[in-house]
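Survey of secondary and tertiary structure
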Amino acid sequence: MKSLRWRYTRLPSQVEDALSGEEDKEEEEEKEEETTPAPTPVPEHPVMPQLAGASQVLGASEMSQLSLHLPPRVTGYSWSLAFCTSRDGFSLQSLYRQMEGHSGPVLLVLRDQDGQMFGAFSSSALRLSKGFYGTGETFLFSFSPQLKVFKWTGSNSFFVKGDLDSLMMGCGSGRFGLWLDGDLYRGGSHPCATFNNEVLARQEQFCINELEAWVLS
């Protein structure tokens, strides 16, 4: 396990570049067809999904709660552990490599140095991209300690953007709902227009203890 080394860092230059083009959606976005935000029907009883792998971050209770908020189209899908830092190392490029060959949605979950659990659901696999991609199914979530889910507001379409040294989810007013650095060691969370979310961690900047990416198929 990595020792904790806390220091505040500026956003990567690629992140700043992403923000500079925020107002010009036509040139920067690799859009998939967007969906209109609508309440997701919630089953009366949570169901534990079928797992291919064991989570070091989420327990059965957290997984069951999250399953209630997934899009109806993935109901009954199995969860396959495509990437985890304890097995594959702390590297964003390794995460991208493990995503190759997958096109289905991904559940990204992590635990920080304070033991806080949070993450995001992406409507498609995480990948390198020239602009933002994804659909309105994408959302952020946090267990603090109760589950809070932050769905798409319809305000903008800045769902996911993957650079070589950063991964960003949600954007507005120059800040990201969730961003991770290239070492998958440091990250940040701020309120953003895409999801109208709270800060997902206890602090706006955090260190990652464990991160997992589950492919739903």
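Residues numbered from 1 in each chain as written. Predicted model: local features only at pLDDT ≥ 70, side-chain atom pairs only at ≥ 80, totals over all residues. Heavy atoms only, no water.

1. Structural notes on the overall build of the protein
Across its full length, the protein holds 5 helices and 11 strands. Of all 217 residues assigned to the protein, the portion counted as buried reaches 53%. Pairs at least 24 residues apart make up 65% of the contacts formed inside the protein by residues separated by at least 6 positions. Element-wise, carbon and sulfur atoms account for 48% of the exposed surface of the protein, whose accessible area totals about 10000 Å². (Helix = DSSP H or I, 4+ residues; strand = E, 2+ residues; numbered from the N terminus. Buried < 20%, exposed > 50% of the residue type's maximum accessible area, 1.4 Å probe, protein only. Contact = heavy atoms within 4.5 Å. Areas by Shrake-Rupley, 256 points an atom, 1.4 Å probe, with all protein chains shown as cover.)

2. Some thoughts on unusual backbone geometry
The residue after Ser144, namely Pro145, is reached through a cis peptide bond having omega -10°. Tracing the chain through its elements places Pro145 in the loop between strand E5 (139-143) and strand E6 (147-150). The phi dihedral of Leu184 falls on the positive side, at around 50°, and the residue is not glycine. Its place among the elements puts Leu184 in the loop between strand E9 (175-181) and strand E10 (186-188). Even without a glycine there, the phi angle at Asn196 is positive, about 50°.

3. Side note on the packing of aromatic side chains
In this description, an aromatic ring pair is defined by two values, namely the gap between the centres and the angle between the planes. Applying the stated criterion across every chain yields a total of 7 aromatic pairs. Aromatic pair Phe118 and Phe206: ring centres 5.0 Å apart, planes at 80°, arrangement edge-to-face. Taken together, the residues Phe118 in strand E4 (residues 117-122) and Phe206 in strand E11 (residues 205-216) connect sequence positions 88 residues apart. Classification of Phe118 as buried rests on a relative accessible area of 1%. (Phe/Tyr/Trp six-rings, centres within 6.5 Å; stacked < 30°, edge-to-face > 60°.)

4. Observations regarding the pairing of E11
Burial runs high along E11: 12 of the 12 residues are buried. With 5 bridges connecting them, strand E2 (residues 79-84) and E11 associate as antiparallel partners. If you follow Cys84 over to E11, its bridge partner there is Glu212. Of the strand pairs in this sheet, strand E3 (residues 106-112) and E11 are connected by 7 bridges, and their pairing is antiparallel. For Val109, the partnering residue across the bridge sits in E11 and is Glu212. Here E10 runs beside E11; their pairing, made up of 3 bridges, is antiparallel. (Pairing = 2+ DSSP bridges.)

5. Points about helix H3 (residues 60-67)
The set of residues buried in H3 consists of Met63, Ser64 and Leu66. The buried side chains of H3 occupy one side of the element, clustering within an arc of 165° when seen end-on. Looking at the packing, one finds that the buried side of H3 touches strand E1 (51-52), E2, E3, E5, E6 and E11. (Arc of directions from axis to C-beta.)

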